[in-house]
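Working through the structure, step by step
Okay, here's what each chain looks like letter by letter:
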Amino acid sequence: MAQPFNELPGNWRTGWLNLYHFWKEGSFHNIHNIMIHKFQKFGPIYREKLGFYESVNIINPEDAATLFKSEGTYPERFTVPAWVAYRDFRNKPYGVLLKNGEAWRSDRLVLNKEALSLEATDCFVPLLNEVGEDFVNRVQVQIEKSGRGRWTADLTNELFRFALESVCNVLYGVRLGLLQDIIDPEAQKFIDAVTLMFHTTSPMLYIPPKLLRRINSKTWRDHVQAWDAIFMHADKCIQNIYRELRLNRKTTKEYTGILSSLLVQDKLHIDDIKASVTEMMAGGVDTTSMTLQWAMFELARSPVVQDQLRAEILAARQVAQGDVLKMLKSIRLLKAAIKETLRLHPVAVTLQRCTAQEIILQDYLIPSKTLVQVGIYALGRDPKFFPKPELFDPQRWLKTDSTYFRGLSFGFGPRQCLGRRIAELEMQLFLIHMLENFKIETKRGVDIGTKFDLILIPDKPIHLTLRAL
Ligand code: HEM
Ligand code: 2DC
């Protein structure tokens, strides 16, 4: 007989006291480390209550498998209260990010075909490849300017621009020109708005946004302002394509991006298209850019791995003779290096599912409709599941026996990341071009920690040196 729910370890009986301590100790930006600590204290499963936020937390890949295998046809994750509050406040429709049930599934199936199917993703390759090449050109100009054969900088904003340029090329088939010297201030506003949106979301995970709205707190006001800017700019981009499409009705065979495809197909209502395309545009900035920054940081600290990757890329380039699509089929180690980067530096601190039925985890009975979180940050750094976790070792992903339910950075199943293929291709092509052209270095002995700002980001600026090869 499994043990009852109320026997679960953890301090879940004192939600408000917990929140008070949490607040006082300034733990907001540190929940990833607090989770590691709790798994050490309570074992592989614990129950938690922070203010209104109740969850059961697990770390074992076997338990994650049990959870995901029972998720059913309409998987639900934790709904970020602030995001819903904004949409309701401004009367904006939900996209797939926030929908649930049949409404989510029918939208998602149409979007999967445009964003995840092989047919569609092959079309992304040339679009993402040219942005990667332009980034290299931009670095080359900076190196020439320096007159020293190298360029040292905090690349955060450069990578934000790269990521927005990339995702917009895929969504709209349009270049925004963000890798030029002078850029559209509106685009920079969009970038800053996404960062502010994430930053102001985290306090509202535990305190109801409605409350903050009533006391007119700065967090709420900033959050609304951020989403307003996001929706306004995305709307402009969408309108441009919409208008263009209505003007020249000629059916060109060429691929012109996800939005055109969706509009031409006419399977989703325009409001639903807008909502999900806006979510993809916003979701495409901080996620891939931060991951690429971490990837370059890890490669700078592991020059041996960096050389191996470069050798693999050069060989792949030769074999494929300039056919990029073909080249992407022979870069196993590079793909593993991206997985390895996300193991140590996941974007999402946890994956969550609302249980669709009663399940048993670690011999505890978990009722239906319970929020269960997989602590993927803690999992990625646990020596029980990743031997020598501190080691950046892409090879570990190429040994097939030890990876069962461990590579979960993009989530799992039908509710997994919609932008996954865009993100993966964008990052692969970026790293291919960078490693072909530059040596990536960083100052030795500089320790960079992680900060929770809804997504996980570096806790201080990372300075990288790019040296012409
Ligand atoms: C959902 C990670 C990039 C759009 C998610 C989830 C994770 C994730 C963990 C939740 C999945 C689940 O619950 O199983 C990442 C990582 C990225 C990345 C690690 C890059 C390194 C992107 C990009 C886009 C995007 C580039 C847009 C093009 C979305 C959307 C959802 C989502 C719309 C919600 C899907 C749904 O609920 O049906 N992502 N993401 N993400 N992501 Fe990403
Ligand atoms: C944040 O406790 C911590 O991909 C919470 O591209 C649980 C939680 C729920 C949903 C997660 C969120 C965390 C982190 C950011 C994620 C989000 C789902 C999608 C989103 C992982 C782990 C993200 C970054 C999307 C964002 C798209 C949005 C800007 C339109």
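Read on for a plain summary of the structure. (Residues numbered from 1 in each chain as written. Chains lettered and ligands numbered in written order. Predicted model: local features only at pLDDT ≥ 70, side-chain atom pairs only at ≥ 80, totals over all residues. Heavy atoms only, no water.)

**A look at the site of ligand 2**
Looking at ligand 2, there are 17 residues lining it, with Tyr53, Met197, Glu279, Gly283 and Gln352 nearest. Within the side chain of Tyr53, one N or O atom sits 2.7 Å away from an oxygen atom of ligand 2. Here ligand 2 loses 89% of its free accessible area of 630 Å² to cover by the protein chains. Breaking the shell around ligand 2 down by element, the ones donating at least two residues are helix H8 (185-201) and helix H12 (270-283). Here the shell around ligand 2 is composed, by residue class, of 11 nonpolar, 4 polar and 2 charged. (Near = heavy atom within 4 Å. Polar contact = N/O pair within 3.5 Å; in protein donor to acceptor, adjacent residues only side chain to side chain. Areas by Shrake-Rupley, 256 points an atom, 1.4 Å probe, with all protein chains shown as cover. Helix = DSSP H or I, 4+ residues; strand = E, 2+ residues; numbered from the N terminus. Nonpolar A, V, L, I, M, F, W, Y, C, P; charged D, E, K, R; others polar.)

**Looking at the environment of Glu54**
With respect to the helices and strands, Glu54 occurs in strand S2 (residues 53-58). For Glu54, a relative accessible area of 39% puts it in the partly exposed group. Residues Glu54 and Val372, spaced 318 residues apart in sequence, show a C-alpha to C-alpha distance of 9.0 Å. Discounting chain neighbours no more than four positions away, the residues touching Glu54 are Arg47, Glu48, Lys49 and Leu371. (Buried < 20%, exposed > 50% of the residue type's maximum accessible area, 1.4 Å probe, protein only. Contact = heavy atoms within 4.5 Å.)

**Observations regarding the pattern of salt bridges**
According to the stated counting rule, one finds 27 salt bridges in the structure shown. When the shortest N-O distance is used, the salt bridge between Glu54 and Arg47 registers 3.8 Å. On the basis of relative accessible area, Arg47 is assigned to the buried category, the value being 9%. Ionic pairing is found between Asp222 and Lys218, a salt bridge with its closest N-O pair at 3.0 Å. On the criterion of helical spacing, the pair formed by Asp222 and Lys218 is a turn pair, its members being 4 residues apart in helix H10 (residues 218-247). Via salt bridges that share partners, Glu130, Asp134, Glu165 and Arg175 belong to a single interconnected network. (Salt bridge = Lys/Arg side-chain N within 4 Å of Asp/Glu carboxyl O.)

**Some details on unusual backbone geometry**
You will see that Asp363, though not glycine, has its phi angle at about 65°, which is positive. Examined against the element boundaries, Asp363 turns out to sit in the loop between strand S5 (359-361) and strand S6 (364-366). The partly exposed category is assigned to Asp363, whose relative accessible area is 39%. Its identity is not glycine, yet Lys388 carries a phi of approximately 45°, on the positive side.

**Digging into the packing of helix H11 (residues 258-265) against H12**
Each pair of packed helices can be described by the angle between their axes along with the distance between the axes. As a packed pair, H11 and H12 sit with axes 11 Å apart at the nearest point and diverge in direction by 165°. Relative to H12, H11 is oriented roughly antiparallel. The hand of the H11/H12 crossing is right-handed. Judged by residue contacts, Ile258, Leu259, Leu262 and Leu263 of H11 engage Ile270, Ile273, Val277 and Met280 from H12. For the contact of H11 with H12, the residue count by class is 8 nonpolar, no polar and no charged. (Axes fitted to C-alpha atoms, helices over the stretch in contact; angles between N-to-C directions. Parallel < 35°, antiparallel > 145°, perpendicular 65-115°, else oblique. Left-handed = near helix turned anticlockwise from the far one by under 90°.)

**A closer look at the sheet that holds strand S11 (residues 463-468)**
Taken together, the 3 strands give an open sheet; going across it, the order is S3-S11-S8, and neighbouring strands pair in antiparallel fashion. Each having just a single partner strand, strand S3 (150-154) and strand S8 (438-441) make up the two edges of the open sheet. Neighbour-to-neighbour, the strand axes of the sheet open up by a mean angle of 20°, direction not taken into account. Running at roughly 110° to S3, helix H6 (residues 118-146) makes contact with S3, S8 and S11 of the sheet. (Pairing = 2+ DSSP bridges.)

**With respect to the site of ligand 1**
Close to ligand 1 lie 28 residues; Arg77, Arg108, Arg353, Arg415 and Cys417 are nearest. Residue Val96 places a main-chain N or O atom 3.3 Å away from an oxygen atom belonging to ligand 1. Here an oxygen atom of ligand 1 and a backbone polar atom of Phe412 are 3.3 Å apart. Every element with two or more residues in the shell around ligand 1 is listed here: helix H5 (101-115), H12, helix H13 (286-301), strand S4 (351-354) and helix H18 (420-437). Residue composition of the shell around ligand 1, grouped by class: 15 nonpolar, 9 polar and 4 charged.

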